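So you can see what is in the structure, the chains are spelled out below.
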Amino acid sequence: GLSTAPAAAALRIVRYCLRTNRKVWITMTYHDIKHNAEVNELLKKGNQNLGLLGFTDHSQAHCIHVAETAAHILKKFDYSAHDIELAKIAGYMHDIGNAINRTHHAEYGSLLANEILKQYDLSVADRITIVSAISNHDESTGGAVDPISAALIIGDKTDVRRSRVRPRAVYAGDIHDRVNYAVESSQLVISPRRDAVTLCLTIDTTICAVMDYFEIFLTRMLLCRRAAEFLGLKFKLLINDVTLL
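Residues numbered from 1 in each chain as written. Predicted model: local features only at pLDDT ≥ 70, side-chain atom pairs only at ≥ 80, totals over all residues. Heavy atoms only, no water.

J.: How would you explain the overall build of the chain if you had to name every residue and give the values?
T.: What the chain contains, in helices and strands, is 11 helices and 6 strands. Sorting the 245 residues of the chain into buried and exposed places 46% on the buried side. Counting only contacts in the chain whose residues sit at least 6 apart along the sequence, the fraction spanning at least 24 positions is 65%. Accessible area of the chain: about 12,400 Å², with a carbon and sulfur share of 54%. (Helix = DSSP H or I, 4+ residues; strand = E, 2+ residues; numbered from the N terminus. Buried < 20%, exposed > 50% of the residue type's maximum accessible area, 1.4 Å probe, protein only. Contact = heavy atoms within 4.5 Å. Areas by Shrake-Rupley, 256 points an atom, 1.4 Å probe, with all protein chains shown as cover.)

Laid out in structure tokens, this is it:
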């Protein structure tokens, strides 16, 4: 109960921290970071900023998708539960830098994440791994540097779906919105032999030509290919049953 010695000692520590304005260190989990108020406010503000700039949805839903996809990839290839947890944390936090600016958002996000993660009972090595993955996830300046960052990149750049297009942008004419809106289904498939990962898309060609997708997202797909190679895999792109990469 609360009268036990350990509980009383813990209560004294908390009171001391509150009185002296010191941080209370707690265990870090993916669940914790999903419910971190600062992280969620940064994601909210970043998504609002990108909406005004005409970008697709970068909300918590996108970050959860990225986190869970990255975890799924590492789990499929027998990475440790520890690595999987780090990938999920990095995946959820990867877009917080958009609250500062879209340009260099990966680098801004890593600096923000570094400060936030210092509040948790997390080893320095694990914190740096997460920060490094976040800073390297964007195709303009980054690339895979370890399995955590590789899984994050694939999870992020393969999140192509109609629901990410903001309602007012559907018919606005932007090629990126049109390409995303044309995607009727999207699935990331790991081969039975576990030697390849394939992004399988079905595109409505009355909205967007297949080659438009390939042209617009070529840089991102090449980033995915390099990330997959880091994991010892081939990356393939299949659109309407045609292999393009």
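J.: Residues and numbers for the packing of aromatic side chains, please.
T.: As enumerated under the stated definition, the model contains 2 aromatic pairs in all. Relative to Tyr92, the ring of Tyr30 lies with its centre 6.3 Å away and its plane at 80°, an arrangement referred to as edge-to-face. With a gap of 62 residues between them, Tyr30 in helix 2 (residues 30-34) and Tyr92 in helix 5 (residues 81-93) connect regions that are remote in the sequence. Tyr92 carries the same exposure label as Tyr30, and that label is buried. Judged by centre distance (4.9 Å) and plane angle (45°), the ring pair of Tyr213 and Phe217 falls under tilted. A cation over a ring is seen here: Arg102 above Phe55, with NZ or CZ 5.1 Å from the ring centre. Directly above the aromatic system of Tyr181 lies the positively charged group of Arg162, at a separation of 4.3 Å from the ring centroid. (Phe/Tyr/Trp six-rings, centres within 6.5 Å; stacked < 30°, edge-to-face > 60°. Lys NZ or Arg CZ within 6 Å of the ring centre and 35° of its normal.)

J.: Talk me through the environment of Asp126; I want residue IDs and the actual numbers.
T.: As for its placement among the helices and strands, Asp126 is situated in helix 7 (residues 124-135). Relative accessible area serves as the criterion here: at 15%, Asp126 is assigned to the buried category. For the pair Asp126 and His82, spaced 44 residues apart in the sequence, the C-alpha separation amounts to 9.5 Å. Among all residues touching Asp126, those that are not within four sequence positions of it are His82 and Leu86. Side chain to side chain, Asp126 and His82 meet in a polar contact 2.7 Å long. (Polar contact = N/O pair within 3.5 Å; in protein donor to acceptor, adjacent residues only side chain to side chain.)

J.: Give me the confidence of the model for the chain: which residues, what numbers.
T.: With 86% of its residues at a pLDDT of at least 70, the chain reaches an overall mean of 88. Across the chain, element-level confidence peaks in helix 6 (residues 105-117) with a mean pLDDT of 98 and bottoms out in helix 1 (residues 5-20) with 52. (pLDDT = per-residue confidence, 0-100.)

J.: Report on the packing of helix 4 (residues 60-76) against helix 5, specifying residues and quantitative values.
T.: Relative orientation of the contacting elements helix 4 and helix 5 amounts to 160°, with a least axis distance of 7 Å. With respect to helix 5, the element helix 4 is oriented roughly antiparallel. The two elements helix 4 and helix 5 meet at a crossing, and its hand is right-handed. Only Asp83, Ile84, Ala87, Lys88, Gly91 and Tyr92 of helix 5 make contact with helix 4, whose side of the interface consists of Gln60, Cys63, Ile64, Val66, Ala67, Ala70, Ala71, Leu74 and Lys75. Of the residues that constitute the contact of helix 4 with helix 5, the class distribution is 10 nonpolar, 2 polar and 3 charged. (Axes fitted to C-alpha atoms, helices over the stretch in contact; angles between N-to-C directions. Parallel < 35°, antiparallel > 145°, perpendicular 65-115°, else oblique. Left-handed = near helix turned anticlockwise from the far one by under 90°. Nonpolar A, V, L, I, M, F, W, Y, C, P; charged D, E, K, R; others polar.)

J.: Explain helix 5 residue by residue, including any values.
T.: For helix 5, built from 13 residues, the straight-helix expectation of 18 Å at 1.5 Å per residue is met to within 8% by its first-to-last C-alpha distance of 19 Å. When we look at burial in helix 5, the residues that qualify are Ile84, Leu86, Ala87, Ile89, Ala90, Gly91, Tyr92 and Met93. Those residues of helix 5 hidden inside the fold are in contact with helix 2, helix 3 (37-53), helix 4, helix 6, helix 7 and helix 8 (147-157). (Expected span 1.5 Å × (residues − 1).)

J.: Pulling in residues and values, what's your account of helix 8?
T.: Buried residues dominate helix 8, accounting for 10 of its 11 residues. All buried positions along helix 8 are accounted for by Ile148, Ser149, Ala150, Ala151, Leu152, Ile153, Ile154, Gly155, Asp156 and Lys157. Of the surrounding secondary structure, the elements contacted by the buried residues of helix 8 are helix 4, helix 5, helix 7, strand 3 (183-190) and helix 11 (218-230). Put simply, Asp146 is the residue that caps the front of helix 8, since its side-chain oxygen is 3.2 Å from the backbone nitrogen of Ile148.

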